[in-house]
Number of protein chains: 2
Amino acid sequence: MHSSREGIDLRLVALVSGGKDSTYAAYLANKAGHEIVCLLSIIPPSEESHMYHYTNIHMMPTVSSAWGLPIILHHSKEDELAELEESLSLLKVDGVCTGAVASVYQKSRIENIAEKLGLETISPLWGCEPEKTLLEMVDEMDVMMVRVAADGLGKEWLGKVLDKRTAYQLIEVCRKYRIHPMGEGGEYETFVLNAPHFKKRIRVV
Amino acid sequence: MHSSREGIDLRLVALVSGGKDSTYAAYLANKAGHEIVCLLSIIPPSEESHMYHYTNIHMMPTVSSAWGLPIILHHSKEDELAELEESLSLLKVDGVCTGAVASVYQKSRIENIAEKLGLETISPLWGCEPEKTLLEMVDEMDVMMVRVAADGLGKEWLGKVLDKRTAYQLIEVCRKYRIHPMGEGGEYETFVLNAPHFKKRIRVV
């Protein structure tokens, strides 16, 4: 748990995409004694960046319902950080929970905004051991593969809900093709159907 | 303009449904010098009440994009007021803008919550002359009929974008069938495609 006020329980807004990292980060923040009070999704400007960064946008109201928490959706114009700052500045919270795993660029930009607004940044996955963490995630949550974009990851992965066995297969592929096992480079994207902190399971029909 | 601090410019969250009343109320609040800083939609619990109260839910992310403002979506469980209070208590705003036209029940329940949280309630349409206001609305905004649920209002109305002429026809129907001209009893519901304060027009394709 990365926190400059470790041990203090904070009221947090969770930056979420519907995917495994942001969802698991929020779960770990809860476990550490913090309270997630709402969700926030910044929606990229173009359809193309929708596809690239963010496969689950149309599902975010459903995600909010499954978590049992309000969600803020904010369409960004050019600079996604301006909208992040604007949304965070509207909220009465102590801090922001991020799913940052290894991207210094992403994490430091969020931290800069949070600091400016007097908010803590909690990034429970920061610096985690990725293969081990992936296996823990699929053990705790129902993680569906919703996008693949790398050599070695064909369409046979799409729609698959990972279990230990398929997660090991995924790790094998990632080792072979030198892909970050958690898909940090956008090599694959996921959507979480269920997690320990969900009030309702999401069903794909 | 109904406000207990008339003349003072407030930072407001607008309660919105995508329909004409909440949209026009926010427009009038803007005109009166207040600033709408975000939107809030409470989503009713069941599919059935979706249909009854609230036809535009799936469009709310698009509405947020058209206004150029963040939106909070909050699914209610049983009591829509609990979620309204929870969402309002998260926000750093001075008050809440409502589209209340004539429902004392609706308006007083919102006012009670706002008062408890130290927020102003701004209801620019409260006590308006409904036929006149409907004509003003269709002059300023592109208002589409998206649901009809009353004798006298057949499916020929669905999808129609009201202009002065069709608004007069609607008023005639309402007079004949004793329907509130603004559809206060849920006799019809609307979706706003464009308004003076929108950053982008919504196109129906």
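The rules behind the values
Here the residue numbers are simple positions, counted from 1 along each chain's written sequence. All chains are assigned letters beginning at A, and all ligands numbers beginning at 1, according to the order in which they are written. Where local features are concerned, this predicted model is filtered to residues with pLDDT of at least 70; where side-chain atom pairs are given and counted, the filter is 80 or more; whole-chain, interface and lining totals use all residues. No hydrogens and no water enter the side-chain calculation; it runs on all heavy atoms of the structure. Contact between two residues is taken to exist if any of their heavy atoms lie within 4.5 Å; hydrogens are not considered. Take the accessible area each of two parts loses on contact, using a 1.4 Å probe, and add the two losses: that sum is the buried area. A pairing counts as a salt bridge when a side-chain nitrogen of Lys or Arg comes within 4 Å of a carboxyl oxygen of Asp or Glu. N or O atoms closer than or at 3.5 Å make up a polar contact, with two conditions inside protein: a donor-capable atom paired with an acceptor-capable one, and, for residues adjacent in sequence, both atoms drawn from side chains. Labels follow the DSSP assignment, with helices taken as runs of H or I lasting at least four residues and strands as runs of E lasting at least two, numbered in each case from the N terminus. Relative accessibility decides the category of a residue: with a 1.4 Å probe and only protein chains considered, values under 20% of the type maximum give buried, values over 50% give exposed, and everything between is partly exposed. Paired strands are those between which DSSP finds at least two bridges. Fitted lines through C-alpha atoms give the axes, limited to the stretch in contact for helices. The angle between two N-to-C directions lies from 0 to 180 degrees. Here is the rule: rings of Phe, Tyr and Trp (six-membered ring for Trp) pair when centre to centre is within 6.5 Å. Planes less than 30 degrees apart are stacked, more than 60 are edge-to-face, and the remainder are tilted. By definition, being over a ring means that NZ of Lys or CZ of Arg is both within 6 Å of the ring centre and within 35 degrees of the ring normal.

## Concerning the interface of chain A and chain B
At step 1: With 20 residues of chain A at the interface, the matching set in chain B holds 20 residues.
At step 2: Counting each side, the surface lost to burial between chain A and chain B is near 1800 Å², with a carbon and sulfur contribution of 62%.
At step 3: Counting every contact that joins chain A to chain B gives zero salt bridges.
At step 4: Our count for the chain A to chain B interface comes out at six residue pairs in polar contact (both at pLDDT 80 or more).
At step 5: Of all the secondary-structure elements, those providing two or more residues to the side of chain A that touches chain B are β2 (35–43), α3 (60–67), β3 (71–75) and α4 (80–90) of chain A.
At step 6: Ranked by residue count, the leading element in the side of chain A that touches chain B is β3 of chain A, at five residues.

## A short note on the pattern of salt bridges
Residues and elements named next belong to chain A.
At step 1: Scanning all chains against the criterion turns up 20 salt bridges over all chains.
At step 2: Put simply, glutamate 85 and lysine 116 hold a salt bridge, and the shortest N to O gap is 2.9 Å. With glutamate 85 in helix α4 and lysine 116 in helix α5 (residues 104–116), this pair connects stretches of sequence that are 31 residues apart.
At step 3: Assessed through its relative accessible area of 61%, lysine 116 is described here as exposed.

## Thoughts on the sheet that holds strand β1 (residues 11–15) of chain B
At step 1: With mixed pairing, the 10 strands of this open sheet are ordered in space as β5(A)-β4(A)-β1(A)-β2(A)-β3(A)-β3(B)-β2(B)-β1(B)-β4(B)-β5(B). Taken across any chain shown, the strands that pair with only one partner, and hence form the sheet edges, are β5 (120–122) of chain A together with β5 (120–122) of chain B. Recorded for the sheet is a direction-independent mean angle of 25° between the axes of neighbouring strands.
At step 2: In terms of strand pairing, β1 of chain B meets strand β4 (residues 95–97) of chain B through three bridges, oriented parallel.

## Examining the packing of aromatic side chains
At step 1: Counted by the stated rule, this structure contains four aromatic pairs over all chains.
At step 2: Where tryptophan 67 of chain A meets phenylalanine 198 of chain A, the ring centres are 5.7 Å apart and the plane angle is 40°; that geometry is what we call tilted. Residue tryptophan 67 of chain A is found in helix α3, and its partner phenylalanine 198 of chain A is found in the segment after β7 (188–194); the two are separated by 131 residues along the sequence. When sorted by exposure, tryptophan 67 of chain A lands in the same class as phenylalanine 198 of chain A, which is buried.
At step 3: It is lysine 107 of chain B that lies over the ring of tryptophan 126 of chain B; its NZ or CZ is 4.4 Å from the centre.
At step 4: Its guanidinium or amino end placed over the ring of tryptophan 157 of chain B, lysine 160 of chain B lies 4.9 Å from that ring's centre, counting from NZ or CZ.

In short, shape yes, function no, at least from these values alone.
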